[in-house]
Number of protein chains: 2
Amino acid sequence: MNTAHLIEFQHTGNELIGMLDIAETGKQIPFEVKRVFWTHSVPNGTIRGKHAHKITEQLLIAVKGKIIVTTEKADGNVEKFELTNSTEGVYLPPNVWHTMAYFDDAVQLVFCSTVYREDDYLRNYEQFKEYYKS
Amino acid sequence: MNTAHLIEFQHTGNELIGMLDIAETGKQIPFEVKRVFWTHSVPNGTIRGKHAHKITEQLLIAVKGKIIVTTEKADGNVEKFELTNSTEGVYLPPNVWHTMAYFDDAVQLVFCSTVYREDDYLRNYEQFKEYYKS
């Protein structure tokens, strides 16, 4: 599905031993994982992201805390996803301008479908709108 | 390398915007990632793991807090890895009995080289010693 949407993970555990969430490629992760990054120690209210990708698909999870993900398509359609539970993540297709706002000492985990290439990034908003103009 | 060892990740960020660590398959992750799981809300001092794998390779990271990973080979050789920094992880080959002790509200991230199969697990210590007896 080429739009941003929530994905539910497998979940196990309890309060006595801790919580565990699981994602497998080809199941909850709809692409081969080529890169993973994790973000932490982000000051409360910080907004990161502010870019789009030409090719890279991503799956973004708030393992702890709260992350508000805002996506915008080139046609102006805006969606918000409030991640407060590590049992779900948001799939980001490569055609959305996205920002993430971090709260409550959030820990972010992101799976990517590509290795890093700077020329995959659209870091300028006008450039993004222009790139996807059709 | 078929022994447990530390792996260093790429690292970027600062106190103003937060910290970000990066791992790519074929670089810091020495296998294709087929499964990922993340563990959190683990009571302080809890010990998890207590099994070995027949095939699965893993890369284990303490994204937050402290995790003490203890590995034991079938020949009795024991190693300890104290993970307190998200810029490094411990590679676990499939032939080690491993336990993880969680401290300081630890968040654990684990990459696996296989999808889940219960018959890949050696969950009994004697069975583990027997399996790798040569």
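Residues numbered from 1 in each chain as written. Chains lettered and ligands numbered in written order. Predicted model: local features only at pLDDT ≥ 70, side-chain atom pairs only at ≥ 80, totals over all residues. Heavy atoms only, no water.

S.K.: Looking at this model, I keep getting lost on the pattern of salt bridges. Mind explaining?
M.R.: A side chain of one charge can pair with a side chain of the opposite charge if their charged atoms are brought near each other. As enumerated under the stated definition, the model contains 14 salt bridges over all chains in all. Here Lys64(B) makes a salt bridge to Asp105(A), at a shortest N to O gap of 3.0 Å. With one member in each of two chains, Lys64(B) in strand S6 (residues 58-72) and Asp105(A) in strand S9 (residues 97-112) form a pair that bridges those chains. Between Arg117(A) and Asp119(A) there is a salt bridge, with its nearest N and O atoms 2.7 Å apart. (Salt bridge = Lys/Arg side-chain N within 4 Å of Asp/Glu carboxyl O. Helix = DSSP H or I, 4+ residues; strand = E, 2+ residues; numbered from the N terminus.)

S.K.: Explanation requested: the pairing of strand S8 (residues 88-92) of chain B in the structure shown.
M.R.: Along any regular strand, the residues point their side chains to alternate faces of the sheet. All names here are of chain B. The buried fraction of S8 amounts to five of the five residues, a majority that puts the element mostly inside the structure. Neither face of S8 is exposed, since Glu88, Val90 and Leu92 on one face and Gly89 and Tyr91 on the opposite face are all buried. With four bridges connecting them, strand S1 (residues 5-8) and S8 associate as antiparallel partners. In the sheet register, Leu6 faces S8, and the bridge partner there is Val90. Alignment of S6 against S8, held across four bridges, turns out to be antiparallel. Among the inter-strand pairings, Ile61 is bridged to a residue of S8, identified as Gly89. (Buried < 20%, exposed > 50% of the residue type's maximum accessible area, 1.4 Å probe, protein only. Pairing = 2+ DSSP bridges.)

S.K.: Would you take a moment to explain the relation of the copies chain B and chain A for this structure?
M.R.: What relates the two chain copies is a rotation about an axis together with a slide along it. Superposition record for chain B on chain A: RMSD 0.0 Å, screw rotation 180°, translation along axis 0.0 Å. Taken together, the turn and the small shift mark the pair as related by a two-fold rotation axis. Scanning chain B for the C-alpha nearest the rotation axis identifies Val33(B), at a separation of 3.1 Å. When the interface residues of chain B are mapped onto chain A, 100% of them again fall at the interface, so both copies present the same face. (Least-squares fit on C-alpha atoms with pLDDT ≥ 70 in both. Contact = heavy atoms within 4.5 Å.)

S.K.: Any chance you could explain the interface of chain B and chain A here in plain terms?
M.R.: In many reports, interface size means the accessible area that the parts give up when they come together. Contact with chain B, which involves 37 residues of that partner, is made by 37 residues of chain A. Both faces combined, the contact of chain B with chain A buries some 3,200 Å², and carbon together with sulfur accounts for 56% of it. Three residues, Trp38(B), His40(B) and Lys64(B), lead the burial of chain B against chain A; their summed loss comes to 21% of the area buried on that side. In this structure, the connection of chain B to chain A is made through four salt bridges. In this structure, Glu32(B) and Lys34(A) form a salt bridge, with 3.8 Å as the shortest nitrogen-oxygen distance. Where the side of chain B that touches chain A is concerned, the elements lending two or more residues are strand S3 (18-24), strand S4 (35-40), S6 and strand S9 (97-112) of chain B. Top contributing element to the side of chain B that touches chain A by residue count: S3(B), with seven residues. For the side of chain B that touches chain A, the class distribution of residues is 21 nonpolar, seven polar and nine charged. Both strand S4 (residues 35-40) of chain A and S3(B) contribute to a ladder of six bridges, which runs antiparallel. By the bridge assignment, Trp38(A) is partnered in S3(B) with Asp21(B). (Buried area = accessible area lost by both parts, 1.4 Å probe. Nonpolar A, V, L, I, M, F, W, Y, C, P; charged D, E, K, R; others polar.)

S.K.: When you look at unusual backbone geometry in this model, what are you seeing that I'm missing?
M.R.: Note on backbone geometry: most residues besides glycine have negative phi, and most peptide bonds are trans. Residue and element names in this part refer to chain B. The phi angle at Ser41 is positive, at roughly 55°, despite the residue not being glycine. What makes Ser41 partly exposed here is its relative accessible area of 34%. The phi dihedral of Lys50 is positive, around 60°, even though this residue is not glycine. Along the polypeptide, Lys50 turns up in strand S5 (residues 47-53).

The quantities given are spatial measurements derived from coordinates; they are silent on function.
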